[in-house]
Amino acid sequence: MLKNYIKIAWAVLLRRKFFTFISLFGISFTLMVLMVVTSLFDHVFGPQMPERETDRLLFVNNLREEQGEGYSSSGPPSYFFLDRYVRRMQTPEKVSVHSVFNPVNSYIHNKKLALDIKHTDQQFWEILDFHFLEGNPFGAQEVKNASRVAVINQTTRKNYFGTGPALGQTIEVDQVKYRVIGVVEDVPVLRIHSYADVWVPITLKSQEFKDTGLRGGFFATIKARQAADIPKIKEEYDRIIQEVSRLNPKETKQVHSFADAILESFARAFPGNGKQDKVTFLYTMMALAAFLFMLLPTINLVNINISRIMERSSEIGVRKAFGASSNTIIGQFVVENVFLTLLGGLLGFLLSAGVLALINDSGIIVYSQLGLNLRVFAWGLLLCLVFGLISGVYPAFKMSRLHAVEALRGGSK
Amino acid sequence: MIRHLFKLIWNRKKSNFLLITEMFFSFMVLFAVISFVLYNYHNYKQPLGINHQNVWQLSFRPNADSMGQAKAIQEQMMQRIKSFPEVEAASLAHNNVPFAFSSMSMGVSYGNKESVETNNYEVQDAYKDVFQLSVDQGRWFGPQDAVALHTSVVINQVLKDRLFGEEEALGKQIKVDDSTSYTVVGVIPHYRADSEFAEEEPALFRRINLEQAKPDQLYASLLIKVKPGTGVVFEEKMVKDLSRIAKDWTIEVTTLEKMRQSKSKLTWVPMAAMGVVCGFLIFNVALGLFGVLWYNINRRYSEIGLRRALGATTRQIRNQFVGEVLVMATFGLLLGLLLAAQFPLLHVFQLSAEIYWQGIGAAALLIFLLAIVCAVYPSWQAAKIHPAVALHEE
Amino acid sequence: MIQLQDIEKVYRTKTIETVALHRVNLHVERGEFVSIMGPSGCGKSTLLNIMGLLDDPSSGQVIIDGQPVKTHSDKQLARLRNEKIGFVFQSYHLIHDLSVVDNVELPLLYRNVSASERRKRALAALEKVGLSARTKHFPSQLSGGQRQRVAIARALAGQPEIILADEPTGNLDSVMGDEIMDILLRLNQEEGTTIVMVTHDENMALKTNRLVRFFDGQQVADSRLVEAQI
């Protein structure tokens, strides 16, 4: 029976080529846009190399000092603060302190390379899953000795060393020579906590360790033993901040800082102005935007589906006249719609894969590796199915209840 | 005839409901996107007021040990830079150079008027030559301002209009707080240096007076105008030389052209993405509209035959169907207009009302165009129907 | 009034050629009430379509008021249909989404007539068919006989010289059919409107004053009936 249904459905879709095309176009392109947007979202906020275990990671990237009279200043915390308080936290498994990435210049063969450099400790490499193509990260020894060693990314390796060997060679960055000990895959620039072109030991920046202010140019990345520990870590962090506020020099009234997951820190920085955590707000806005975006194609789909069914009212009449029950007719339309939607889904899937590959290749987003999010794809497809069924099957259901004669005459008026 | 069409659509409002909703949402989407694009385009057409060709920015990050001598080191660097024949002009500044992701602002006021939030730039005399600024009232500041009682400042026309309106601005004092006032010595017509797509904001230029600066005073940027054709070879040589003066400082060089590009990318990438998504939505709607109209016309075969029998010409049939679609578009537009008109009326998002009205007009035009394009072929098909055949199809 | 000369109508598909009308000559005089009879598929409706300028003959010509229409443009034909001819169909062909009075106004819509004048004439036409009470109804709210009366009113609204009726009583029971027939007869006698009616019903046909019989696309009989039969 099902095979027969599918056969008929296929025949119908071929016969009504134009309507089929409109439906397929609508479904597949809507899914495609949805996929590209969610993949961009994942690219920025989701688990991704090297921040793979996002549910176990927290980031400290901002500290705000309130000085009274409404004057406040905020920015990345200092090494002093992170080293003295955050590194000594009890609940996390590991804490890494590293500098923000800084733009520097490097010159090679009369060409300029604008590079971003980041100073890190050895825990940085333990917490994050960098994919090493060559060599290894620097360890505790190199950090302790402030060795001039560097890990570089793949693109820098290509631009600086070409096809020749890189390991053990010297790279001169900002008038300083480093020995290359590792090459890693590129990290997307939007991953501000891990991204850089060149990573060197944090001790090379030791002149900044002496500054006892709370603000400076450093981040911390915290890794929990398990995802369930995250609230405990946040609690401990909040206690530390209260402590710091209390101990603080007279002119500073209040210190604010948070250990946040990636999305939280974004939601705090932008809609929340660095104060409230606005994740819910952000999600609401995104859901609203997605809803508005889906609305038009959905109305369109419903519209087309209704037209498609109405057009076939006489067919329903004939089937009824020859003894088809209401159920068989509805079954036919259900199969037809599901079939069409799945076909659109498949097309949408292929299109999304193509467009994502195109974006990755075009270099619009530096070092991007966009991939398909299958969960979102499934949701999109489900949504299409629901609307397809509502719009395609409900009129059919109504018509299947009509008497054969009325249906033959073109349905109710 | 038009009344007849309205009557037809109105009586068939239930089955046309979805089409009208679709038109309504399409209108809203187009309105939003077009207003956004118009706003950016409108800003883009305004003069920047600066010439950033061959201007480089050197940014400094000193190491902590040498902070105490920052001023002395920078003075040495300035001398070295001015000695290069490739450099035409050079001026220190804070990080809020044109196209930078950094801004400094403060409130200034004149008389009893409310204070105006103003971008505030601390620059040297040569800044005018670096960007070839034109001063149309008064003069740019110079060494003679070093001893002025109130700091001499140059402001842009936007700030002048906000503070003084039609009044003369030159020689007047503007107040920052109870203890600080500035004297206006010049007005420049434009200074729109945030982004090519941004509106011009009030701007105020203060003179850097190195003699009076504290020893640890640091200006994080140095802007230089180089001779055309100067490239990376000179850049490397200059950085090496400067590194010898400022040991352990990080010196970064970038061209303002590059900064302009990355700043404008911030606007046009989302704009292009929105355009593509909007285009897709509209195309989708167009296809749907086309399909539904086609189907509707097929369903109304006998009506077409009847109208022909009653004396309608092919042209009248065609016009009727195109007209019906236009009437539906009008219904959708009226709904949309009700909503869209709130934007200029309530000044949502601070865009000028003119841009909203232009957006509404353009969106309405596009919807009508879309409706006509989608209706022409099916209507032409309808007009071709042979009346004798159509009347017997029942 | 309407003159058909040597009309041939052939329908061609790829494989089959069907002759619908063969050498038909018919002259309808002003003021006549002509009925056309014949079995299904004998070409009656085709003939009516050709008379009503809805269809072109394959050969031969149609002459209206002494004017051959062969070379008329679409626009001229539309104008003739609009001003000289009124149609009544078996299945009424009312527009569902328009009220009774709006339906009746339709032919006037394609002329330069003001809205108030249209309304006046439509109401007058509805009065003639006895439907003044139902002008605001929609066709779906009317019985079959009432719908056909609306259709007749619509044909009348344009004040045509000739009404072409294609089985106007075909979908109606005999009581309603008689009502419709009475209206047509009255129009013919009181207002002198020329009527050509295709029918299956011998009784109806006998009430008219001229009967033309068709068989297989050919005219087989043409007889004048005595008026006194009414």
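Since we're looking at a predicted model, the values are computed, not measured.

### Focus: the overall build of chain C
Within chain C, the secondary structure is distributed over 7 helices and 10 strands. The globule rule puts the C-alpha radius of gyration for 230 residues at 17 Å, and the 17 Å found for chain C is close to it. The principal-axis extent of the C-alpha atoms belonging to chain C is close to 50 × 40 × 35 Å. For chain C, the share of sequence-separated contacts (at least 6 apart) that also reach a separation of at least 24 residues comes to 69%. With the model as given, the accessible surface of chain C reaches about 10200 Å², and the carbon-plus-sulfur share is 46%. Within chain C, the 29 negative side-chain charges are centred at a point lying 5 Å from the centre of the 27 positive side-chain charges.

### Quick word on the domain arrangement of chain A
Residues and elements named next belong to chain A. Split by domain assignment, chain A resolves into domain 1 (2–47 + 280–408) and domain 2 (63–257). Each of domain 1 and domain 2 has a C-alpha centre, and these two points are 47 Å apart. With 8 residues of domain 1 at the interface, the matching set in domain 2 holds 10 residues. Taken together, domain 1 and domain 2 are joined by 0 salt bridges. Our count for the domain 1 to domain 2 interface comes out at 0 residue pairs in polar contact (both at pLDDT 80 or more). Looking at side-chain class alone, the side of domain 1 that touches domain 2 contains 5 nonpolar, 2 polar and 1 charged residues.

### Re helix α8 (residues 301–309) of chain B
Residue and element names in this part refer to chain B. When you tally the buried positions in α8, you get 8 out of 9 residues, the bulk of the element. The complete set of buried residues in α8 reads S302, E303, I304, G305, L306, R307, R308 and A309. The positive-phi residue at the C-terminal boundary of α8 is G311, with phi of around 110°.

### Here's the deal with the interface of chain B and chain C
Of the residues lining the interface, 26 residues belong to chain B; the matching set on chain C comes to 26 residues. Carbon and sulfur atoms supply 61% of the area that chain B and chain C bury against each other, a total of about 2400 Å² over both sides. Linking chain B with chain C are 2 salt bridges. As a salt-bridge pair, B:R308 and C:D74 come within 3.2 Å of each other at their nearest N and O atoms. Here chain B is connected to chain C by 6 residue pairs in polar contact (both at pLDDT 80 or more). Secondary-structure elements contributing two or more residues to the side of chain B that touches chain C are α1 (2–11), α8, α9 (314–340) and α12 (387–392) of chain B.

### Quick notes on the packing of aromatic side chains
A full pass over the atoms with the stated rule returns 44 aromatic pairs over all chains. Aromatic side chains A:F25 and A:F29 sit 4.3 Å apart centroid to centroid with 25° between the ring planes, which places their arrangement in the stacked category. On the criterion of helical spacing, the pair formed by A:F25 and A:F29 is a turn pair, its members being 4 residues apart in helix α2 (residues 17–45). An angle of 70° between the planes, with centres 5.6 Å apart, marks the rings of B:F6 and B:F331 as edge-to-face. Taken together, the positions of B:F6 in helix α1 and B:F331 in helix α9 put the pair 325 residues apart, joining distant regions of the chain. With a relative accessible area of 33%, B:F6 lands in the partly exposed category. An aromatic cluster is built from B:Y121, B:Y127, B:F131, B:W140, B:F141, B:Y191 and B:F205, whose rings are joined through pairwise contacts. Taking the ring centre of B:F101 as reference, the NZ or CZ of B:K263 above it sits at 4.9 Å. Over the aromatic face of B:W380 sits the side chain of B:K384, whose NZ or CZ is 4.4 Å from the ring centroid.

### Brief notes about the side chain of A:R157
Residues and elements named next belong to chain A. With respect to the helices and strands, R157 occurs in helix α6 (residues 154–161). Polar contacts involving the side chain of R157 include one to the side chain of E134, which spans 2.7 Å. Those residues in contact with R157 that sit more than four places away from it in its chain are E134, I152, G162, G164, P165, A166 and V183.

### Focus on unusual backbone geometry
Glycine aside, a negative phi is what most residues show, and trans is what most peptide bonds show. With a phi close to 65°, A:Q175 is a non-glycine residue in the positive phi region. Within the fold, A:Q175 resides in the loop between β9 (170–173) and β10 (176–184). Residue class for A:Q175 comes out partly exposed when judged on its relative accessible area of 28%. One non-glycine residue, C:R23, lies in positive phi territory at about 45°. Considering the arrangement of structural elements, one finds C:R23 in strand β2 (residues 17–28). In this structure C:R23 comes out as exposed when scored by relative accessible area, which is 54%.

### Things to note about the nonpolar core
Within the largest apolar cluster, 56 residues are counted, with the highest numbers of intra-cluster contacts made by B:M23, B:F27, B:L30, B:F31, B:L293 and B:I367. Listed by contribution, the elements that provide at least two residues to this core are α2, α9 (279–311) and α11 (326–362) of chain A together with α1, α2 (13–45), α7 (256–299), α9 and α11 (353–384) of chain B. In this view, B:F31 contacts B:A340, B:F343, B:Y356, B:G359, B:I360 and B:A363; residues no more than four positions away in its chain are not counted.

### Considerations on the interface of chain B and chain A
Each partner contributes residues to the interface: chain B has 40 residues there, and chain A has 35 residues. Each partner contributes to the roughly 3300 Å² buried at the junction of chain B and chain A, and carbon and sulfur atoms together form 66% of this total. One can count 1 salt bridge joining chain B with chain A. A salt bridge links A:K112 to B:E235, with the shortest nitrogen-to-oxygen separation between them at 2.8 Å. Here chain B and chain A share 7 residue pairs in polar contact (both at pLDDT 80 or more) between them. Contributions of two or more residues to the side of chain B that touches chain A are made by α2, α6 (232–245), β11 (250–255) and α7 of chain B. Considering every element that reaches the side of chain B that touches chain A, the biggest residue donor is α7(B), with 16 residues. Across the side of chain B that touches chain A, the residue classes break down as 22 nonpolar, 10 polar and 8 charged.

### Notes on a nonpolar patch on the surface
Judged by side-chain polarity, A:W379, A:L382, A:L383, A:V386, A:F387 and A:I390 come together as a nonpolar surface patch covering roughly 550 Å² of accessible area. When you line up the elements, A:F387 lands in helix α12 (residues 374–400).

### Notes on the side chain of B:Q124
Following the sequence through the fold, B:Q124 ends up in the loop between β4 (116–123) and α4 (127–131). Each residue touching B:Q124, except ones within four places of it in the same chain, is listed here: B:M78, B:A90, B:S91, B:L92, B:W140, B:F141, B:I208 and B:L210.

### Remarks on the pairing of strand β6 (residues 111–120) of chain A
Residue and element names in this part refer to chain A. β6 sits mainly inside the fold: 7 of its 10 residues count as buried. Linking strand β5 (residues 102–108) to β6, which pair antiparallel, is a turn of 2 residues; within it H109 sits at a positive phi near 45°. Here β6 pairs with strand β11 (residues 198–201) via 4 bridges, running parallel. The residue bridging T120 from the neighbouring strand is P201, located in β11.

### Some words on the pattern of salt bridges
Inspection of the entire model under this criterion finds 50 salt bridges over all chains. A salt bridge links A:D83 to A:R87; the nearest nitrogen and oxygen atoms lie 2.8 Å apart. For A:D83, a relative accessible area of 27% corresponds to the partly exposed category. Note on A:R87: relative accessible area 24%, which makes it partly exposed. Notably, a salt bridge pairs C:R30 with C:E161, separated by 3.4 Å at the nearest N-O pair. With a gap of 131 residues between them, C:R30 in the loop between β2 and β3 (33–37) and C:E161 in the loop between α5 (144–157) and β7 (162–166) connect regions that are remote in the sequence.

### Remarks on the sheet that holds β2(C)
Residue and element names in this part refer to chain C. An order of β2-β1-β4-β5 is seen for the 4 strands of this open sheet, with the pairing classed as antiparallel. Only two strands of the sheet have a single neighbouring strand rather than two, namely β2 and β5 (67–68). The pairing of strand β1 (residues 2–12) with β2 spans 8 bridges and is classified as antiparallel. Directly across from V10, in β2, lies its bridge partner V19.

Definitions and limits used
Residues numbered from 1 in each chain as written. Chains lettered and ligands numbered in written order. Predicted model: local features only at pLDDT ≥ 70, side-chain atom pairs only at ≥ 80, totals over all residues. Heavy atoms only, no water. Helix = DSSP H or I, 4+ residues; strand = E, 2+ residues; numbered from the N terminus. Rg over C-alpha atoms; globule rule 2.2 N^0.38 Å. Contact = heavy atoms within 4.5 Å. Areas by Shrake-Rupley, 256 points an atom, 1.4 Å probe, with all protein chains shown as cover. Lys, Arg positive; Asp, Glu negative; His and termini not counted. Charge placed at Lys NZ, Arg CZ, Asp CG, Glu CD. Domains from an automatic or database assignment. Salt bridge = Lys/Arg side-chain N within 4 Å of Asp/Glu carboxyl O. Polar contact = N/O pair within 3.5 Å; in protein donor to acceptor, adjacent residues only side chain to side chain. Nonpolar A, V, L, I, M, F, W, Y, C, P; charged D, E, K, R; others polar. Buried < 20%, exposed > 50% of the residue type's maximum accessible area, 1.4 Å probe, protein only. Buried area = accessible area lost by both parts, 1.4 Å probe. Phe/Tyr/Trp six-rings, centres within 6.5 Å; stacked < 30°, edge-to-face > 60°. Lys NZ or Arg CZ within 6 Å of the ring centre and 35° of its normal. Core = buried A, V, L, I, M, F, W, Y, C linked by side-chain atoms within 4.5 Å. Patch = residues over 30% accessible without salt bridge, like charges linked within 9 Å, V, L, I, M, F, W, Y side chains within 5 Å. Pairing = 2+ DSSP bridges.

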